[in-house]
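Descriptive structure summary
Here is how the chains run, residue by residue.
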Amino acid sequence: MILIRTILLNKSIFIRSISNFADTHGVSMSHLLLPIPFQPLLLREYHDVLKQQYTKRFTLTPCDPPGETDVVYKATYWKDERLQSMKKRLNETKSQLNNMPLDKWHRHTRKLNPAALVPASVKKSANPELLTQAWLKFHECFHVFSLGPGPETKQFTSVHLCEAPGAFITSLNHALVLQHPEVVWNWMATTLNPHYEGNDLGYMINDDRFIMGSLDHWNFGVDNTGNLLMRENMEHLVRESGKLSESGTVDLVTADGSVDCQSDPGRQESIVADLHLAEAVTALKMLTEGGNFVLKMFTIFESETVCLLFLLNCAFESIDIFKPATSKEGNSEVYVICKEYKKSKWLTSILESLSDCYGDFPLEKSLFPKDIIPESFLSELKKCGDLFMQLQENVISNNLHYWNDQLAGNDMKDLAEVQTQVAEKYMAVYKVEEIPSYRYCVYRRRDPSISQIDARVDRGTFIDKLEEGRMEAGQRLEAIRRLMKGWKVKGRVRFVEWVPSPKVKLDITFLVV
């Protein structure tokens, strides 16, 4: 075995193999042994790096629904002290980054990412349609958890929630073409409508390249906003999903929604909680018995997440919390993989109660009382939260270590070798091959050259971004003007003219291209 370094090997992270016993007997398990001691990336063995990169997963023990049904939002909002202490500890670790220059820090972390070469390897080998980080992540989920149709299935239907720009769809299409070329695939997607001017840029993906080429498959609800938190939109989506195939079945639902939390990352879990619950309720209302659900989540420290995971654990045969190798290491993103949907009278009653308050979930109450959630389930979630917290802390510590101790020439060679091996394993395990362009979702799609103002552009430090939110209107417009001076626009530019605004007595920008 090749070693990057020969010191500190006694502290290497031990990996527990995924056992058949756990899969067949429903034993909850972390696929990594805890605790996970910190060790700088280049002081670890290649073997350890590869195993950890591809084994970030926790399997929950299935549990039966409780007998009570009149419990939805009846209990005062509760917190679990152990989970809250973990939240505090992780936020303290993250606070070390508050004064880092965002653009330089993000370049630094991208350089250290063990999976940095995977996108280029996949593009060179398979040249997929709309290749993004989301494409790569879903491809992992699809293969690891066998999310495709069964061996005798002739038709497969999927619905994609909060989907823009559409990479989960193109990734699924790629996998189906390679593995199930004869299956007839029907799909529908929804997202915040990028053409609806009332939608905030901070809440949506401002990219319509794929949407414009597949518009017939997109459903933006009765009000054309694409807002899934509107009950009328959710109910409309559920009705329309039943029309996708002759059988009216929905076999797979994916939900990749989030909200921009850069101004308050410590409360990310609470900020996105309503959206996650809305995605779950929508999926549970449209899925067919035996169907699968993929939900993006973050940390699991708050009662909103605990209750949602308990609901899902009662609704599916198996639940896995999974962080793909191509998911950004330093963030809290994980995917909840829910397999084999099982309907019940209890679940039907719970969904009816949730429909009554859909989109306006009470803030001062918890979805379920703490006393109906089994202690064994809470204990598992604490272990799961601890696992992903330690992984994230170690990545932040590693990035800080190499920020303060910059990589030398030999270190860069070692890092390149790590990244090469991670990319080679991705290609070998998931067997990514090219598909004919006529099997793309959108045949011969041409992307326009666009420039846009995006609220998520990296400027200054995290503290600076907080200050931006407190700016007066005039200061914000001046900041936009400075930003636009750095635009690089392809094609012929007729003119850029600045005209005075009568309201704020400051120039406002108009760009004509």
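Remember, predicted model here, so these are calculated numbers, not experimental data.

The end-to-end C-alpha distance of helix α6 (residues 133-144), which contains 12 residues, comes to 17 Å, matching closely the 16 Å that a straight helix rising 1.5 Å per residue would cover. Among the 12 residues in α6, 9 count as buried, and that is most of the element. Every buried residue of α6 is listed here: A134, W135, L136, K137, F138, H139, E140, C141 and F142. Tucked inside the fold, the buried residues of α6 contact α5 (118-126), α7 (167-179), β6 (252-255), β8 (316-322), β9 (334-341) and α15 (409-430). Measuring from the side-chain oxygen of the N-cap residue of α6 to the backbone nitrogen of A134 gives 3.2 Å; that N-cap residue is T132. A positive backbone phi angle near 50° is found at S146, which sits one or two residues after α6.

For the rest of this paragraph, the subject is the pattern of salt bridges. Per the stated rule, a full pass over the model turns up 12 salt bridges. A salt bridge links D70 to K74, with the nearest nitrogen and oxygen atoms 3.7 Å apart. Assessed through its relative accessible area of 61%, D70 is described here as exposed. E333 is the salt-bridge partner of K296, the closest N and O atoms lying 3.7 Å from each other. On the criterion of sequence distance, the pair formed by K296 in strand β7 (residues 292-297) and E333 in the loop between β8 and β9 is long-range, its members being 37 residues apart. Taken as a pair, K296 and E333 share a single burial class, namely buried. Salt bridges here are not isolated pairs; linked through shared partners, they connect D80, K370, E375 and K382.

Below, the discussion takes up the pairing of β7. Counting buried positions over the 6 residues of β7 gives 6, a clear majority of the element. Of the two faces of β7, both are covered, the one formed by N292, V294 and K296 as well as the one formed by F293, L295 and M297. Pairing of β7 with β9, which is carried by 5 bridges, proceeds in the antiparallel orientation. Bridge pairing links L295 to V336 in β9.

Quick look at the nonpolar core now. Among the nonpolar cores identified, the biggest contains 76 residues, and F293, L312, F316, L354 and F368 are the most heavily contacted of them. For this core, the leading source of residues is helix α12 (residues 303-315), giving 9 residues. Not counting the four nearest positions on each side in its chain, F316 is found in contact with L284, L287, G291, F293, C338, K339, E340, Y341 and K342. With 53 residues, the next largest nonpolar core counts L130, I169, A423 and Y426 among its residues.

Here is what the cut-offs are and how they apply
- Residue numbers here run from 1 along each chain, matching the order of that chain's written sequence.
- Reporting in this predicted model follows two pLDDT cut-offs: at least 70 for local features of residues, and 80 or more for side-chain atom pairs to be given and counted; totals over whole chains, interfaces and linings ignore these cut-offs and use all residues.
- Excluding hydrogens and water, the side-chain figures rest on all heavy atoms present in the structure.
- Numbering of helices and strands starts at the N terminus; helices are DSSP runs of H or I of at least 4 residues and strands are runs of E of at least 2.
- Expected helix span is given by 1.5 Å per residue-to-residue step, counting one fewer step than there are residues.
- Each residue is assigned to one of three classes by its accessible area relative to the maximum for its type, calculated with a 1.4 Å probe on protein chains only: buried under 20%, partly exposed between the two thresholds, exposed over 50%.
- Any two residues having at least one pair of non-hydrogen atoms within 4.5 Å are treated as being in contact.
- Polar contact is defined as a pair of N or O atoms within 3.5 Å, subject to the rule that within protein one atom must be able to donate a hydrogen and the other to accept it, and that residues adjacent in sequence are counted only when both atoms are side-chain atoms.
- The term salt bridge refers to a pairing of a side-chain nitrogen on Lys or Arg with a carboxyl oxygen on Asp or Glu at a separation within 4 Å.
- A pair of strands is labelled paired if DSSP reports no fewer than 2 bridges between them.
- Only buried residues count toward a nonpolar core. Its members are Ala, Val, Leu, Ile, Met, Phe, Trp, Tyr and Cys residues joined through side-chain atoms within 4.5 Å.

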